Amino acid sequence: MSLSSLFSAIFPTVHADAPEEKAEKPPQEESQEEPAKEPQEEEEEEPEDILPALQEECTESAKCAPLAQHFAHCEEKVHAGEGYKGEDCVEEFYHLMHCVNGCVAPKLFSKLK
């Protein structure tokens, strides 16, 4: 017994182009089985997300403002085509977001219920 015949005996052969063998219900039966829709109850409004406001506040803080300016300068340089080939501002963005997230986290979790 070869290795391929062993695998064939254990695992069934599946063909990608073979049609699926599912028993489909006639359309008439499906419409009869649909449950009647109940009127929706009033949903509670979700509270406003405070994260974007906190991120903006922290981006403008004294601690993160220099990183934001450095990131903005990098973006301007890359979009103007003054950077080297393939340059992006991922590293600058990473440092900015690290600072912003460190600033936001204590404020955010203190305001959450």
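Quantities reported herein were computed from a predicted structural model and do not represent experimental measurements.

Student: Explain the packing of helix 4 (residues 65-79) against helix 5 (residues 90-111) here, please?
Tutor: Helix packing geometry: the angle between the two helix axes and the distance between the axes. Remark: helix 4 packs on helix 5, axes separated minimally by 9 Å, with the N-to-C direction vectors making an angle of 155 degrees. With respect to their mutual orientation, helix 4 and helix 5 come out roughly antiparallel. Viewed along their axes, helix 4 and helix 5 form a crossing whose handedness is left-handed. On the side of helix 4, the interface is formed by L67, A68, H70, F71 and C74, while helix 5 contributes E92, F93, H95, L96 and C99. Tallied by class, the residues present in the contact of helix 4 with helix 5 amount to seven nonpolar, two polar and one charged.

Student: What's the story with the environment of C89 in this structure? I'm lost.
Tutor: Structurally, the position occupied by C89 is in the loop between helix 4 and helix 5. Along the sequence, C89 and E76 sit 13 residues apart, while their C-alpha atoms lie 10.0 Å from each other. Beyond its immediate chain neighbours, meaning those up to four positions away, C89 contacts F71, C74, E75 and V78.

Student: Where do I start with a nonpolar patch on the surface in this structure?
Tutor: Residues L3, L6, I10 and F11 make up a contiguous nonpolar surface patch of roughly 410 Å² in combined accessible area. Checked against the element boundaries, L3 lands in helix 1 (residues 3-10). Among the residues examined, L3 registers a relative accessible area of 58% and is labelled exposed.

Student: Would you take a moment to explain the state of the cysteines for this structure?
Tutor: Note: disulfide means a covalent bond formed between the sulfur atoms of two cysteine side chains. Counted according to the given criterion, the structure contains three disulfides. One disulfide in the model links C64 with C99; its S-S distance is 1.9 Å. One quick way to see it: the torsion about the S-S bond of C64 and C99 is about -90 degrees, and its sign makes the bridge left-handed. Of this pair, C64 sits in the loop between helix 3 (51-59) and helix 4 while C99 is found in helix 5, placing the two residues 35 residues apart along the sequence. Taken individually, C64 and C99 each receive the classification buried, so the pair is uniform in this respect. One disulfide bridge connects C74 with C89, the sulfur atoms lying 2.1 Å from each other.

Thresholds applied
Residues numbered from 1 in each chain as written. Predicted model: local features only at pLDDT ≥ 70, side-chain atom pairs only at ≥ 80, totals over all residues. Heavy atoms only, no water. Axes fitted to C-alpha atoms, helices over the stretch in contact; angles between N-to-C directions. Helix = DSSP H or I, 4+ residues; strand = E, 2+ residues; numbered from the N terminus. Parallel < 35°, antiparallel > 145°, perpendicular 65-115°, else oblique. Left-handed = near helix turned anticlockwise from the far one by under 90°. Contact = heavy atoms within 4.5 Å. Nonpolar A, V, L, I, M, F, W, Y, C, P; charged D, E, K, R; others polar. Patch = residues over 30% accessible without salt bridge, like charges linked within 9 Å, V, L, I, M, F, W, Y side chains within 5 Å. Areas by Shrake-Rupley, 256 points an atom, 1.4 Å probe, with all protein chains shown as cover. Salt bridge = Lys/Arg side-chain N within 4 Å of Asp/Glu carboxyl O. Buried < 20%, exposed > 50% of the residue type's maximum accessible area, 1.4 Å probe, protein only. Disulfide = S-S within 2.5 Å.

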